[in-house]
Amino acid sequence: MNALLVTTFGGLAMLVGLVMLAGETGTPRLQEIIAAAPSGTAVTIGVLLVLVGAISKSALVPFHFWLPGAMAAPTPVSAYLHAAAMVKAGIFLVALLAPAFADVPGWRPTLVVLGITTMILGGLRALRQYDVKLLLAYGTVSQLGFLVAMVGAGTRSAAFAGLALVCAHGLFKSALFLVVGIVDRSVGTRDLRELSGLRQARPVLFVVTLIAAGSMAGLPPFLGFTAKESGLAAFVDLGHDLDWNGWGVLALAGIVVGSILTVAYSARFVWGIFAVKPGTAICEPKEFSPAFQSVPVVLAAATVVTGLAGGWLTPRLMAYAAQFAPGSHEPVLTLWHGFTLALGLSIVIVVAGLALFAWRRPVAAAQHAVVDRVRMPDAERAYNAVMRGVDRLSIEVTGLTQRGSLPVYLGVILLVLILVPGTALVRAWDGVSVRGADSRIQLAVAALMAIAAILTVRSRRRLRAVLLVGVTGYGTALLFVAHGAPDLALTQILVETFLLVTFVLVMRRLPPFFSDRPFNVARWVRVAIGVATGVVVSGFALVAADARTARPVSDGFAKPAVEYGGGYNIVNVTLVDIRAWDTLGELSVLVVAATGVASLIFLITDRSGRPRRPVHAIDAAGDEPAGRWLRSGRAIADARRSIVFEIVTRLIFHTVIVFSVYLMLVGHNAPGGGFAGGLVAGLALMIRYLAGGRAELDEAAPIDAGVVLGIGLATAALSGLLPTLLGGGVLQSAIVDIHLPVLGTLHLVTSVFFDIGVYLVVVGLSLDVLRSLGGGIDSQIGADAAEDGRTRAEGAPA
């Protein structure tokens, strides 16, 4: 979570910066942005925001603290994370942008200062660690600071050295992390205070570690030495190349101090694992196959080979470095530059680093004394304080806004709807034209819907209000019919029926009447919000309908629907082909909604706290064998039971299911489709539930709703890949004519499989609603009745 929050914060800042650069150059492509090399205040701000993302992902101060925590990952993952992956992505981005933006104000001071600070801080923290993996983690922080300082300096020699160091670091750091993993696996500890004598037990591993740690410390003849020599030479000339004067000397001094610390913690790493320590038992590692240490052996060998291959590497690295202006010298990778200042600094670094390691006890005591007595700034402590503040703020805001009142929540949402989009509605209202009715049928239906809406708000009974709301929905279906849209009318009728029954199921847990309290100020406010919402939403509909300025895109759907979609029902072809991606997203929303309904209503345990049995489970001891067609397994209460209703429902159930499948299959050329067919099947299951309760529903569909939802979504998604096997694109309909001996030619469109997925998702949603709002509420009602019975029995006189 620490790494996610820190790097995501930096990533968001980087995103804003990249958007600003794209806006200034008119292109989102990095190559074109770099080629344009724009300038100006907006570009400066954008580049600095990009650098925030780069330094957060490459773990520079003040974002360095997330990387050592990431060492909790398995060692191969840590090797990849610390040697490459995200931490190098930030360096890559800096190196990529440096040729174009190194002269942007703030670029060089930011990267050089933060890089050197991170290099020194990481080295100091590495010297205090006892866990050798954590030691390497802080070593990575230090090395990343070194790398960023190099690639961010913006000179040819520094860019060359930075790229060489990136290669060297990838080799030696991955090898060292894998060594730690082998030691941890074979000995069972990473604490250097408990490790002793592994040099004799693991001589090959010892040699590998010497090579990798030597490269990290910058010793010849390894790649780390030639790369660090190039870096020191680049910073020796930094003052001259950039006209930094004294600042160049300070930067060089910082690099030298950081390199001394690198030698010291490299020696500490080798000593901590392989040295024989007085008073510590000699470790006896478990045996492992030679292949287990083969990878670090290969990496160590590559470190030696590349150290000797400077002549071969130089022109390849110069392909990047040549983008910068020539400096005081032309960089080259070689083991011998002659007697130069860089060579002298290398000798000083090695000697001072080894001396620092030799005096490790007084150095450690001095570090601890400083930490104990001086309260130094701590980025991790600041991060934790910020997170505590955010948590506290979230609690306060939640306590202030989440008052537990549904009317308040809904009122706030509707007020925002009225004020924000409503203001835009008023500004856009000028010039709206309204056309009257096209026929008397429309007038009659509109009058019926208006009367039903008025009676709804006047009704005191909840059930009557729900039925009147249903009248407005069925009236909408009639308007679709009047406009010649039978497919939409069929879907509207099915949806309205499904919602109507769902409302009725929920009504069982609500009082039959609305509140009869007198109208006070709060209720008048609610009325005003409701009226205003109705007016605003009606205005939205009018403005949206009148806002078209071009021909509808659907005007061109008729011909492609037949030629490419293979169907004459343009509505269904649109859903499963032309905008199949949208439909797939809507299916995902349906699955999430169904899961939410079940989560809110289903109880995992019963009132006694015992695990709840699945709703569709049949008790073998209850004498309820499955497979009986016209007989019920468990009847509902006699007071609510209708034998005729039960028998008729079972007689027509299978026919309705077959009809739903028919609607699904013919939807490409006739009214229907997977959605309509699924709703018909859902209504059939709903009738079975109303006839016999949850036991009847379980016999009709003895399968978990989640399974049906999952299969449906998977079918719809996988059907999109089927056309690719036939040479088409994802979710493109393929038309196949199959000649059958007896049945004739079968005209198959592959989008029918997508429709099957839609059908199954809708059926699964229906099952989920029925088992939660139906069976789940039945269980609550039964439990309440049993509780009331026990209460009355306990209160009855003896």
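One can find the structure itself at the top, above this paragraph.
Just so it is clear, the structure is predicted and the values come from calculations on it, not from any experiment.

**Thoughts on helix H11 (residues 203-217)**
Logical step 1: For H11, with 15 residues, the first-to-last C-alpha span of 21 Å sits near the 21 Å given by 1.5 Å per residue.
Logical step 2: Of all 15 residues in H11, 11 are buried, a share of seventy percent or more.
Logical step 3: Buried positions along H11 lie against helix H8 (132-152), helix H9 (156-187), helix H10 (198-201), helix H12 (223-236), helix H14 (246-274) and helix H15 (294-308).
Logical step 4: In the stretch just after H11, Gly218 is the one whose phi turns positive, near 85°.

**Some points on a nonpolar patch on the surface**
Logical step 1: A contiguous nonpolar surface patch, about 510 Å² in accessible area, is contributed by Val408, Val412, Leu415, Val416, Leu419 and Val420.
Logical step 2: In this structure, Leu419 sits in helix H20 (residues 406-428).

**Focus on unusual backbone geometry**
Logical step 1: Omega for the bond connecting Val61 with Pro62 falls within 30 degrees of zero, at 5°, which places this linkage in the cis form.
Logical step 2: By the secondary structure assignment, Pro62 is in the loop between helix H3 (41-57) and helix H4 (66-69).
Logical step 3: Omega for the bond connecting Pro220 with Pro221 falls within 30 degrees of zero, at 10°, which places this linkage in the cis form.
Logical step 4: By secondary structure assignment, the location of Pro221 is in the loop between H11 and H12.
Logical step 5: Here Ala37, not a glycine, exhibits a phi torsion of approximately 45°, which is positive.
Logical step 6: Examined against the element boundaries, Ala37 turns out to sit in the loop between helix H2 (30-36) and H3.

**Overview of the environment of Val680**
Logical step 1: Its location among the elements puts Val680 in helix H29 (residues 674-700).
Logical step 2: For the pair Val680 and Val656, spaced 24 residues apart in sequence, the C-alpha to C-alpha distance is 7.3 Å.
Logical step 3: Not counting the four nearest positions on each side in its chain, Val680 is found in contact with Leu494, Val656, Phe659, Ser660 and Leu663.

**Section: the packing of aromatic side chains**
Logical step 1: This model, assessed by the stated rule, comprises 8 aromatic pairs.
Logical step 2: Relative to Phe357, the ring of Trp271 has its centre 6.0 Å away and its plane inclined at 65°; by these criteria the two rings are edge-to-face. With Trp271 in helix H14 and Phe357 in helix H17 (residues 341-358), this pair connects stretches of sequence that are 86 residues apart.
Logical step 3: Looking at Trp271, the relative accessible area reads 23%, which means it is partly exposed.

**Considering the nonpolar core**
Logical step 1: If you look at the biggest cluster of nonpolar residues, it comprises 118 residues, and the most contacted ones within it are Trp107, Phe235 and Phe269.
Logical step 2: The element contributing the most residues to this core is H9, with 17 residues.
Logical step 3: Discounting residues that sit within four places of it in the chain, Phe235 has contacts with Val112, Ile116, Ala149, Met150, Ala153, Gly248, Ala251, Leu252 and Ile255.
Logical step 4: Within the second largest apolar cluster, 40 residues are counted, among which are Val576, Leu584, Phe653 and Leu767.

**What about the pattern of salt bridges?**
Logical step 1: This structure, assessed with the given rule, holds 16 salt bridges.
Logical step 2: Among the ionic pairs, Glu696 bridges to Arg650, the shortest N-O distance being 2.6 Å. Highlighted residues: Glu696 in helix H29 and Arg650 in helix H28 (residues 643-666), separated in sequence by 46 residues.
Logical step 3: Taking relative accessible area as the criterion, Glu696 reaches 1% and is therefore assigned buried.
Logical step 4: A relative accessible area of 1% means that Arg650 is categorised as buried.
Logical step 5: Beyond isolated ion pairs, a larger network of salt bridges with shared partners links Glu646, Arg650, Arg688 and Glu696.

**Focus on the packing of helix H23 (residues 486-507) against H29**
Packed helix pairs are specified by the crossing angle of their axes together with the interaxial distance, meaning the distance between the axes.
Logical step 1: The contact between H23 and H29 brings their axes to 10 Å, and the two run at 30°. In this view, H23 runs roughly parallel relative to H29, as classed from their interaxial angle. Judged by the twist between their axes, the crossing of H23 over H29 is left-handed. Counting all contacts with H23, which are made through Leu490, Thr491, Leu494, Val495, Thr497, Phe498, Val501, Thr502 and Leu505, the residues of H29 involved are Phe675, Ala676, Leu679, Val680, Leu683, Met686, Tyr689 and Leu690.
Logical step 2: Looking at side-chain class alone, the contact of H23 with H29 contains 14 nonpolar, 3 polar and no charged residues.

The rules behind the values
- Residues numbered from 1 in each chain as written.
- Predicted model: local features only at pLDDT ≥ 70, side-chain atom pairs only at ≥ 80, totals over all residues.
- Heavy atoms only, no water.
- Helix = DSSP H or I, 4+ residues; strand = E, 2+ residues; numbered from the N terminus.
- Expected span 1.5 Å × (residues − 1).
- Buried < 20%, exposed > 50% of the residue type's maximum accessible area, 1.4 Å probe, protein only.
- Contact = heavy atoms within 4.5 Å.
- Patch = residues over 30% accessible without salt bridge, like charges linked within 9 Å, V, L, I, M, F, W, Y side chains within 5 Å.
- Areas by Shrake-Rupley, 256 points an atom, 1.4 Å probe, with all protein chains shown as cover.
- Salt bridge = Lys/Arg side-chain N within 4 Å of Asp/Glu carboxyl O.
- Phe/Tyr/Trp six-rings, centres within 6.5 Å; stacked < 30°, edge-to-face > 60°.
- Core = buried A, V, L, I, M, F, W, Y, C linked by side-chain atoms within 4.5 Å.
- Axes fitted to C-alpha atoms, helices over the stretch in contact; angles between N-to-C directions.
- Parallel < 35°, antiparallel > 145°, perpendicular 65-115°, else oblique.
- Left-handed = near helix turned anticlockwise from the far one by under 90°.
- Nonpolar A, V, L, I, M, F, W, Y, C, P; charged D, E, K, R; others polar.

Honestly, that's just the spatial picture; any functional story needs more than this.
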